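Geometric and topological summary
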Amino acid sequence: MSLVKANSESIRQAAEIIKCGGLVAFPTETVYGLGADGLNPIAVAKIFEAKRRPSFNPLILHIADKDSLEKFSPTKSEKIDLLIRKFWPGPLTLVLPKSKIIPDIVTSGNPTVAVRMPDHPVALQLIKASGTPIAAPSANRFGHLSPTEAKHVEKYLGDRVDIILDGGKSSVGVESTIIQFYENGFYLLRPGGLSKEEIENEIGKIKTGKIDPHRPSSPGQLSFHYSPNTPLKFFNKKFLDKNKKIGALFFQENKIDFKFAEVKFLSATGDLREAAANLFSHLHELEKSNLDLILVEPIEEKGLGRAIMDRLKKASNKLEQEN
Ligand code: TXA
Ligand code: MG
């Protein structure tokens, strides 16, 4: 790791690291971000590994020009245009239906993506030089405060990032405000650096509180956390019923003598980053195959394995609660 003053040379170097799938901590006007190439699922898995978070959380995609938003969300609306014109670059994150090119690990399998254009010259130059949107959570370790100076990042993540760009103190000092577009209106998901009132001055009332999950505008639209509709269980011999269409999700190899309707592997080489990068997309694919049951192999709860197991446990619990 190296902590370097941000200048055109160090930004160019950091952009090379992003292009090669590495991790770069960079300043924004709100807080420092821990960034990776937002279109490279293995690079994004490294973010979760570095944060030592025991679960996945959808990430914000940082872009450097307003026009590129259309590549990442197909949704068009006058209100979105108004918000972007007025508040970007700035501390406002929009949660919108996502385009296919965004890997599932960025959104934790959600059909929506959070996007923002930060108001910081270093962040903007880095994104432009990288030629890709940068997925980044705040650059703190799980459970710690968000960093507003490069030295905070160094203290908590110093040994886990390839480079820290020092761009001085973040001027806003709190995270961005997050709003989700839904049925032509907006919901406030997280208060932050831009006040609700300022947003409402532009587009009228925005709603607070939970979006009603019983009235989805399109299927799956509202699930903040992905969990499959097909029953999902951890392996147990008692579930191996020959009369059922059963799909299997193994970590590395198939150790079970049974005629599965479909078999998927998280990582043939046993690599946890690759496993994390494949997790949501494999679950989506199994889900689409009209199976009676998905059986998954538990994996060791260490490093990224904890976040993977957290997601699998949630998916299996959900069905137990509903049944
Ligand atoms: O100011 C900020 O927003 C900073 C800087 C680095 O940009 N970033 C930041 O990221 O605070 P993070 O990951 O610490 O917080 C992002 C929040 C998380 O609570 C996450 O759940 C939510 O955004 N989020 C991201 N994508 C979402 C989605 N598709 N639906 C709902 N919530 C989402
Ligand atoms: Mg955070």
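Residues numbered from 1 in each chain as written. Chains lettered and ligands numbered in written order. Predicted model: local features only at pLDDT ≥ 70, side-chain atom pairs only at ≥ 80, totals over all residues. Heavy atoms only, no water.

**Quick word on the sheet that holds strand 12 (residues 246–250)**
- The sheet built from four strands is open, its strands ordered 11-14-12-13 with parallel pairing. Each end of this open sheet is capped by a strand with a single partner; those strands are strand 11 (232–234) and strand 13 (262–265). Shown here is a sheet whose adjacent strand axes are inclined to one another by a mean of 20°, direction ignored.
- The pairing of strand 12 with strand 13 spans four bridges and is parallel. Looking at strand 13, one finds that Gly247 is bridged to Glu262.
- Along the sheet face, helix 9 (residues 272–288) touches strand 11, strand 12, strand 13 and strand 14 (293–296) and points at about 175° away from the line of strand 13. (Pairing = 2+ DSSP bridges. Helix = DSSP H or I, 4+ residues; strand = E, 2+ residues; numbered from the N terminus. Axes fitted to C-alpha atoms, helices over the stretch in contact; angles between N-to-C directions. Contact = heavy atoms within 4.5 Å.)

**Points about the site of ligand 1**
- Taken together, 22 residues are adjacent to ligand 1, and Thr30, His62, Ser138, Ser176 and Arg190 come closest.
- Within the side chain of His62, one N or O atom sits 2.6 Å away from an oxygen atom of ligand 1.
- The side chain of Ser176 places a nitrogen or oxygen atom 2.5 Å from an oxygen atom of ligand 1.
- Coverage of ligand 1 by the protein amounts to 89% of the 680 Å² it exposes when considered alone.
- Of all the secondary structure elements, the ones that give two or more residues to the shell around ligand 1 are strand 4 (60–62), strand 6 (112–116) and strand 10 (185–190). (Near = heavy atom within 4 Å. Polar contact = N/O pair within 3.5 Å; in protein donor to acceptor, adjacent residues only side chain to side chain. Areas by Shrake-Rupley, 256 points an atom, 1.4 Å probe, with all protein chains shown as cover.)

**Here's the deal with the pattern of salt bridges**
- Under the criterion given, the structure shown has 14 salt bridges.
- Taking the shortest distance from any N to any O, the salt bridge between Arg12 and Glu9 comes out at 3.1 Å. Taken together, the positions of Arg12 and Glu9, both in helix 1 (residues 8–19) and three residues apart, correspond to about one turn of that helix.
- A residue is classified by how much of its surface remains accessible, and Arg12, at 44% relative accessible area, is partly exposed.
- Of the residues examined, Glu9 reaches a relative accessible area of 44% and is grouped as partly exposed.
- A salt bridge links Lys196 to Glu200, with the nearest nitrogen and oxygen atoms 3.3 Å apart. Within this pair, Lys196 and its partner Glu200 are both found in helix 8 (residues 196–203), separated by four residues, close to a single helical turn.
- For Lys196, a relative accessible area of 23% gives the class partly exposed.
- Assessed through its relative accessible area of 15%, Glu200 is described here as buried.
- Bridged by salt links that share partners, the residues Lys196, Glu200 and Lys205 form one connected network. (Salt bridge = Lys/Arg side-chain N within 4 Å of Asp/Glu carboxyl O. Buried < 20%, exposed > 50% of the residue type's maximum accessible area, 1.4 Å probe, protein only.)

**As for the sheet that holds strand 2 (residues 24–26)**
- Here we have ten strands laid out as an open sheet, ordered 1-8-2-3-7-4-6-5-9-10, and mixed in their pairing. One side of each edge strand has no neighbouring strand; the edge strands of this open sheet are strand 1 (2–5) and strand 10. Strand-to-strand twist across the sheet, computed as the mean angle between neighbouring axes with direction ignored, equals 35°.
- With five bridges joining them, strand 9 (residues 177–182) and strand 10 adopt antiparallel strand pairing. Paired with Gln180 across the two strands is Tyr187, which belongs to strand 10.
- Strands in contact with helix 1 are strand 1, strand 2, strand 3 (33–37), strand 7 (134–136) and strand 8 (163–166); relative to strand 8, the strand with the most contacts, it is inclined by about 145°.

**Overview of helix 6 (residues 121–130)**
- Burial in helix 6 covers these residues: Val122, Ala123, Leu124, Leu126, Ile127 and Ser130.
- Contact partners of the buried residues in helix 6: helix 1, strand 2, strand 4, strand 7 and strand 8.
- Two residues or fewer past helix 6, Gly131 is found with a positive phi of approximately 70°.

**Brief notes about the side chain of Asn140**
- As for its position among the elements, Asn140 is in the loop between strand 7 and helix 7 (150–157).
- In this structure the side chain of Asn140 is engaged in a polar contact, spanning 2.6 Å, whose partner is the side chain of Ser138.

**With respect to the pairing of strand 8**
- Of the two faces of strand 8, both are covered, the one formed by Ile163 and Leu165 as well as the one formed by Ile164 and Asp166.
- Sheet analysis places strand 1 next to strand 8, joined by four bridges and oriented parallel. Along strand 8, the bridge assignment pairs Ser2 with Ile163.
- Here strand 2 runs beside strand 8; their pairing, made up of two bridges, is parallel. The residue of strand 8 that forms the bridge with Val24 is Ile163.

**With respect to the domain arrangement of the protein**
- Partitioning the protein into domains gives domain 1 (2–208) and domain 2 (232–322).
- Once you take the C-alpha centre of each, domain 1 and domain 2 turn out to be 30 Å apart.
- The interface is formed by 15 residues belonging to domain 1 together with 14 residues belonging to domain 2.
- Carbon and sulfur atoms make up 67% of the area that domain 1 and domain 2 hide from each other, which totals about 1,300 Å².
- Our enumeration of links across domain 1 and domain 2 arrives at one salt bridge.
- Taking the shortest distance from any N to any O, the salt bridge between Glu49 and Arg273 comes out at 2.8 Å.
- At the surface where domain 1 touches domain 2, the tally comes to two residue pairs in polar contact (both at pLDDT 80 or more).
- Of all elements in the fold, only helix 2 (41–51) and helix 5 (104–107) reach the threshold of two or more residues within the side of domain 1 that touches domain 2.
- If you tally residues by element for the side of domain 1 that touches domain 2, the top one is helix 2, at six residues. (Domains from an automatic or database assignment. Buried area = accessible area lost by both parts, 1.4 Å probe.)

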